[in-house]
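# Close look at the chain arrangement
Read off the chains here:
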Protein chains: 2
Amino acid sequence: MRNKAEALFRARQDEICAELEALDGNTFREDLWTRDEGGGGRTRVIQEGGFFEKAGVNVSAVFGPMPKEVLESAQGRGVDLGGDGAEFFATGISLVLHPHNPHAPTIHANYRYFEVERAEGDKVWWFGGGTDLTPNFLVEKDVREFHGKLKSVCDAHDLEFYPKYKAWCDRYFHIPHREEARGVGGIFFDNLADRSADDLYSFVADCSATIMPSVMPIYERQKDKPFNEEEREWQLLRRGRYVEFNLVYDRGTSFGLRTKGRTESILMSLPLTARWEYDHQVAADSPAGRLVEVLREPRDWVGSM
Amino acid sequence: MRNKAEALFRARQDEICAELEALDGNTFREDLWTRDEGGGGRTRVIQEGGFFEKAGVNVSAVFGPMPKEVLESAQGRGVDLGGDGAEFFATGISLVLHPHNPHAPTIHANYRYFEVERAEGDKVWWFGGGTDLTPNFLVEKDVREFHGKLKSVCDAHDLEFYPKYKAWCDRYFHIPHREEARGVGGIFFDNLADRSADDLYSFVADCSATIMPSVMPIYERQKDKPFNEEEREWQLLRRGRYVEFNLVYDRGTSFGLRTKGRTESILMSLPLTARWEYDHQVAADSPAGRLVEVLREPRDWVGSM
């Protein structure tokens with residue numbers, strides 16, 4: 001499964017990057033890197049492109065002794081990975097796209113396969129992942145369509161998946177100190193091992209094939225929409241919140257930094273530019289205010305289709 | 001001591017803000033706020049001023065039940081604050097100044113007095129604080145003068161203070177995932193209770209009176225220095241690192257967010273604008289490169305005066 005999952009993520013990276021290059025008009029810079037403690041990855045970035053301010057698509061397969069902090073943090077979530085001396089293997093794809101145009105949303109997706117050989121000798125494995133959308137303005141049609149695509153791919157595998165993973169996504173991408181969500185959600189799941197590895201592989205293969213179809217129609221509709229200075233400023237403030245979530249709460253970022261991952265590949269998720277204004281307020285009935293309302297109280301997007 | 005320390009910090013805020021307003025040409029916006037669980041503060045901010053892109057000076061005095069995470073985090077540092085049921089009181093001043101001009105450094109200072117009534121019934125108190133400088137370019141004269149001022153105030157109290165607290169500052173303001181310091185340091189100390197509260201109060205009173213004298217001569221020299229686009233971009237990248245330190249590692253920020261402090265007052269420390277370029281490189285013999293060299297290997301600034 002290690003090789004099969006890694007091959008899947010590498011193939012997805014190629015497919016996705018080809019589509020993104022066609023949209024942006026620029027080619028990705030590619031960096032191959034290795035990790036001292038074991039493994040490596042392939043990072044691809046477009047910066048200040050035609051459509052994207054910053055777009056990163058990364059695959060990696062890393063392994064080695066499991067860091068103590070990660071064992072403890074898993075234990076804190078009720079996952080027993082055993083004591084010191086565990087070895088881990090992790091392979092995954094992660095993608096973050098930040099367009100120039102404030103009307104075009106940021107999208108994030110990450111799919112991964114994890115194995116831990118516990119010090120006790122047995123092996124634990126799981127899949128994790130998700131796709132979620134972070135718009136600066138609320139375009140209900142876009143959000144419904146996005147969630148609709150994710151629901152379809154979930155439903156093809158298990159009717160319980162979408163409601164469960166939609167709710168998990170809302171819980172995970174939450175910024176407690178702002179009392180709001182990072183974006184309008186999507187799906188998120190972790191420690192998935194409740195059926196055969198082949199079945200879950202097939203689910204993750206389908207989810208990762210749905211990243212581009214879930215966002216491309218939105219990009220096509222929003223990419224030429226004119227915007228003004230005020231909308232650009234609001235976009236930069238929202239990117240500030242994106243940075244807050246990723247640096248303060250995101251487990252993937254924290255895991256990466258603590259396992260001495262490649263910093264540039266981990267923090268490639270951060271936007272090119274961000275802004276923090278003291279006590280910025282938005283009117284409830286403004287376009288910005290309508291987004292904030294949804295971030296404060298996540299909605300059921302597909303039920304209302 | 002609670003009232004005495006709080007009064008000191010409020011007086012310092014007034015003195016400092018008067019000096020900053022004279023430099024900037026704008027007046028501070030002031031927000032008085034209260035905290036549901038107990039206490040409150042006075043936040044003052046200048047944003048997009050004449051000299052400062054963002055300048056914040058905050059005083060607060062907060063109290064209430066000690067959050068569990070804080071007790072555990074203190075325990076992790078070897079400080080026993082007792083078990084559940086402890087009550088805390090904290091008063092402090094914190095200041096972060098981000099000038100427009102890339103040649104003028106960011107300065108941060110924070111002084112605080114802390115009391116914990118442990119569940120066991122006894123009381124623990126300490127002082128903490130520090131002043132540190134984050135320039136975008138290395139101006140050796142500025143850094144030597146800055147450290148010299150801090151050394152003088154330390155030496156007047158104890159000859160062991162400056163070397164000890166200079167080293168503590170270098171250790172504290174370190175960004176492990178970047179393998180560099182946030183800036184060129186200064187002084188930092190915490191859990192200080194090794195002499196009488198009056199003696200330490202007097203030390204903290206002198207330190208907080210030295211914030212402005214340590215940085216004003218630098219601002220006077222650098223404020224009209226011309227700068228170009230490249231220097232501005234480098235400033236924004238350095239501000240990105242500032243954000244990384246504050247959100248990932250800073251204990252004060254983490255304490256504030258976890259104790260449900262006022263988010264806008266805590267994150268007032270973040271710059272107005274920041275930037276993250278993928279894998280930005282600087283030439284070793286460039287002005288940017290000379291700063292990075294010092295961030296990678298902190299120097300003894302006063303020994304070489």
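Preceding this section is the structure that the text describes.
As a starting point, this report considers the structure included with it. (Residues numbered from 1 in each chain as written. Chains lettered and ligands numbered in written order. Predicted model: local features only at pLDDT ≥ 70, side-chain atom pairs only at ≥ 80, totals over all residues. Heavy atoms only, no water.)

## With respect to the interface of chain B and chain A
- Taken together, the contact pairs 30 residues of chain B with 30 residues of chain A.
- Among the residues chain B hides against chain A, the three largest losses belong to B:E264, B:W276 and B:Y278. Together they make up 30% of the total.
- Scanning the region where chain B abuts chain A turns up six salt bridges.
- Counting every contact that joins chain B to chain A gives 21 residue pairs in polar contact (both at pLDDT 80 or more). (Contact = heavy atoms within 4.5 Å. Buried area = accessible area lost by both parts, 1.4 Å probe. Salt bridge = Lys/Arg side-chain N within 4 Å of Asp/Glu carboxyl O. Polar contact = N/O pair within 3.5 Å; in protein donor to acceptor, adjacent residues only side chain to side chain.)

## A look at unusual backbone geometry
- The phi dihedral of A:E48 falls on the positive side, at around 50°, and the residue is not glycine.
- When you line up the elements, A:E48 lands in the loop between β2 (39-47) and β3 (52-65).
- In the Ramachandran plot, B:N191 falls in the positive-phi region, its phi being about 50° despite a non-glycine side chain. (Helix = DSSP H or I, 4+ residues; strand = E, 2+ residues; numbered from the N terminus.)

## Points about the pairing of β2(A)
Residue and element names in this part refer to chain A.
- Of all nine residues that make up β2, seven are buried, and the element is covered over most of its length.
- The antiparallel pairing of strand β1 (residues 29-34) with β2 creates a hairpin that spans four residues between the two strands, and G38 there sits at a positive phi of about 140°.
- Two strands pair when backbone bridges link them, and β2 and β3 are joined in this way by nine bridges, in the antiparallel orientation. Bridge pairing links R42 to V59 in β3.
- The loop that links β2 with its antiparallel partner β3 comprises four residues; one of these, E48, has a positive phi angle of about 50°. (Buried < 20%, exposed > 50% of the residue type's maximum accessible area, 1.4 Å probe, protein only. Pairing = 2+ DSSP bridges.)

## Some words on the environment of B:H147
Residue and element names in this part refer to chain B.
- Tracing the backbone through its elements, the reader meets H147 in helix α3 (residues 140-155).
- H147 sits 11 residues away from N136 along the chain, and the two C-alpha atoms are 17 Å apart.
- Setting aside residues up to four positions removed in sequence, H147 forms contacts with Y162, K166, V184, G185, G186, W301 and V302.

## Details of the relation of the copies chain B and chain A
- Once chain B has been moved 0.0 Å along the axis and rotated by 180°, it coincides with chain A to within an RMSD of 0.0 Å. Look at the turn and shift together and you get a two-fold axis relating the two.
- Mapped onto chain A, 100% of the interface residues of chain B again fall at the interface, so both copies present the same surface. (Least-squares fit on C-alpha atoms with pLDDT ≥ 70 in both.)

## Concerning the sheet that holds strand β2 (residues 39-47) of chain B
Residue and element names in this part refer to chain B.
- Taken in spatial order, the seven strands of this open sheet run β1-β2-β3-β4-β5-β6-β9, and their pairing is antiparallel. The sheet terminates laterally at β1 (29-34) and β9 (185-192), the two strands that pair on one side only. Between one strand and the next, the sheet's axes are offset by a mean angle of 5°, whatever the strand orientation.
- Those strands touched by α3 are β5 (106-117), β6 (123-134) and β9, and its axis lies near 35° from that of β9.
- Those strands touched by helix α7 (residues 229-249) are β3 (52-65), β4 (87-99), β5 and β6, and its axis lies near 170° from that of β4. (Axes fitted to C-alpha atoms, helices over the stretch in contact; angles between N-to-C directions.)

## Section: the sheet that holds strand β5 (residues 106-117) of chain A
All names here are of chain A.
- Taken together, the seven strands give an open sheet; going across it, the order is β1-β2-β3-β4-β5-β6-β9, and neighbouring strands pair in antiparallel fashion. Among the strands making up the open sheet, the edge pair consists of β1 and β9 (185-192). In this sheet, adjacent strand axes meet at a mean angle of 5° when their direction is disregarded.
- Pairing geometry for β1 and β2, over six bridges, is antiparallel. Paired with L32 across the two strands is R42, which belongs to β2.
- Where helix α4 (residues 161-172) meets the sheet, it contacts β6 (123-134) and β9, and its direction lies at approximately 100° from that of β9.
- Sheet contacts for helix α6 (residues 211-222): β3, β4 (87-99), β5 and β6; angle to β5, the most-contacted strand, approximately 170°.

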